Amino acid sequence: MDIVIMGCGRVGSTLARSLDARGHSVSVIDLDVDAFRRLGPDFSGRTVHGVGFDRQVLLRAGIQDADGFAAVSSGDNSNILAARVVREQFGITNVVARVYDQARAEVYERLGIATVATVRWAAAQVMMKLLPTDVSPEWLDPSQDTCLVRLRYADGWVGMPISRVEAAIDARVPFLSRFGRGTCPGPRTVLQADDQIWVAIRTDRLTEVRTKLAANPPRH
């Protein structure tokens, strides 16, 4: 893939080196020429000096042929502006912006610009470390209202169709792993012993659903 990155700080340089090492074509934009030193001698991509939301700078970086764009500078305004320019003027839909302000991040998520909010990410990571292993969310939405979590279940649930499990816990089971292979269960899929299930729920119901699954299901 051809990737353009705006910002060659710690995040941008790490991202650029990682993508470059995987064989992707990478262009890095930064206003500070010295920042390119972070890329190291083994970096084989392109460096472009300039402002990341300037149209001519973006063209020099090859944005017209890019498969994706990441705005990861230290400024929210610059990142959001660059992301919008790339999306609206160049038609690139695979755009990610680093945003410190969570409120802004949620607004731009709704506008179709994927964001990584530093505070939100840190809070989610701390939350996952604090919670017990069997209830640690493996995915949280940007607002942290919804999560995907792997939950254990009592033996009494074995042999029950997934549709009945979902009805009993009032939550979706979008994914399960059986004998080491993942699958998206259908309504007729029957829960077997040793299956691992992932449940999509509101985070405020996590304890409730965990408790339900830990006990045998109602007989009715």
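Every value quoted in this text rests on a predicted model; they were computed, and no experiment measured them.

Counting 24 residues, the largest nonpolar core has V4, I29, L58, I63, F69, V86 and V95 as the members making the most contacts within it. Counting only elements with at least two residues in this core, the list comes to β1 (2-6), α2 (55-60), β4 (68-71), α3 (76-89), β5 (95-99) and α4 (102-110). When residues in this core are grouped by element, the largest group, five residues, is from α3.

The five strands lie next to each other as β7-β8-β11-β9-β10, forming an open sheet whose pairing is antiparallel. The open sheet has two free edges, formed respectively by β7 (139-140) and β10 (181-183), since each of these has just one partner strand. Looking at chain direction, strand β8 (residues 146-151) and strand β11 (residues 196-202) are connected through six bridges and run antiparallel. Bridged to V149 within β11 is V199. Here helix α6 (residues 162-169) sits on the sheet in contact with β9 (172-178) and β11, set at roughly 135° to β9.

Time to look at the side chain of S73. Mapped onto the fold, S73 is located in the loop between β4 and α3. Looking at S73, the relative accessible area reads 18%, which means it is buried. In this structure the side chain of S73 is engaged in a polar contact, spanning 2.6 Å, whose partner is the side chain of N79. Residues in contact with S73, not counting those within four places in the same chain, are M6, G7, S78, N79 and R98.

The end-to-end C-alpha separation of α3 is 19 Å, in line with the 20 Å expected for 14 residues at 1.5 Å each. All of the buried residues in α3 are D76, N79, I80, A82, A83, V85 and V86. Structurally, α3 contributes buried residues whose contacts are with β1, α2, β4, β5 and α4. Immediately beyond the C-terminal end of α3, within one or two residues, lies G91, with a positive phi of roughly 70°.

Along the chain, A71 falls in strand β4. A relative accessible area of 0% places A71 in the buried class. Linking A71 and V96, residues 25 residues apart in sequence, is a C-alpha distance of 6.3 Å. Leave out the neighbours within four places in its chain, and A71 touches M6, N79, A82, V96, A97 and R98.

Among all positions in α6, only I162, V165, E166 and I169 are buried. Along the axis of α6, the buried residues cluster in a sector spanning 95°; they form a single face. Just downstream of α6 lies D170, where phi reads positive at about 55°.

Right, let's get into unusual backbone geometry. One can expect most non-glycine residues to show negative phi and most peptide bonds to be in trans. The phi angle at F179 is positive, at roughly 55°, despite the residue not being glycine. Mapping F179 onto the fold places it in the loop between β9 and β10. For D194, which is not a glycine, the phi torsion comes out positive at approximately 75°.

With that settled, the discussion passes to the environment of M6. Among the structural elements, M6 can be located in strand β1. Its relative accessible area of 4% is what places M6 among the buried residues. Sequence-wise, M6 and S27 are 21 residues apart; in three dimensions their C-alpha atoms are separated by 8.5 Å. Residues within four places of M6 in sequence aside, it is in contact with I29, G52, F53, F69, A70, A71, V72, S73, S78, N79 and A82.

Let's shift gears to the side chain of R205. Assignment of secondary structure puts R205 in the loop between β11 and α7 (206-214). Only 2.8 Å separates the side chain of R205 from the backbone oxygen of D170, close enough to count as a polar contact. The contacts of R205, once residues within four sequence positions are left out, are I169, D170, A171 and K212.

What counts, and where the lines are drawn
- Residues numbered from 1 in each chain as written.
- Predicted model: local features only at pLDDT ≥ 70, side-chain atom pairs only at ≥ 80, totals over all residues.
- Heavy atoms only, no water.
- Core = buried A, V, L, I, M, F, W, Y, C linked by side-chain atoms within 4.5 Å.
- Buried < 20%, exposed > 50% of the residue type's maximum accessible area, 1.4 Å probe, protein only.
- Helix = DSSP H or I, 4+ residues; strand = E, 2+ residues; numbered from the N terminus.
- Pairing = 2+ DSSP bridges.
- Contact = heavy atoms within 4.5 Å.
- Axes fitted to C-alpha atoms, helices over the stretch in contact; angles between N-to-C directions.
- Polar contact = N/O pair within 3.5 Å; in protein donor to acceptor, adjacent residues only side chain to side chain.
- Expected span 1.5 Å × (residues − 1).
- Arc of directions from axis to C-beta.

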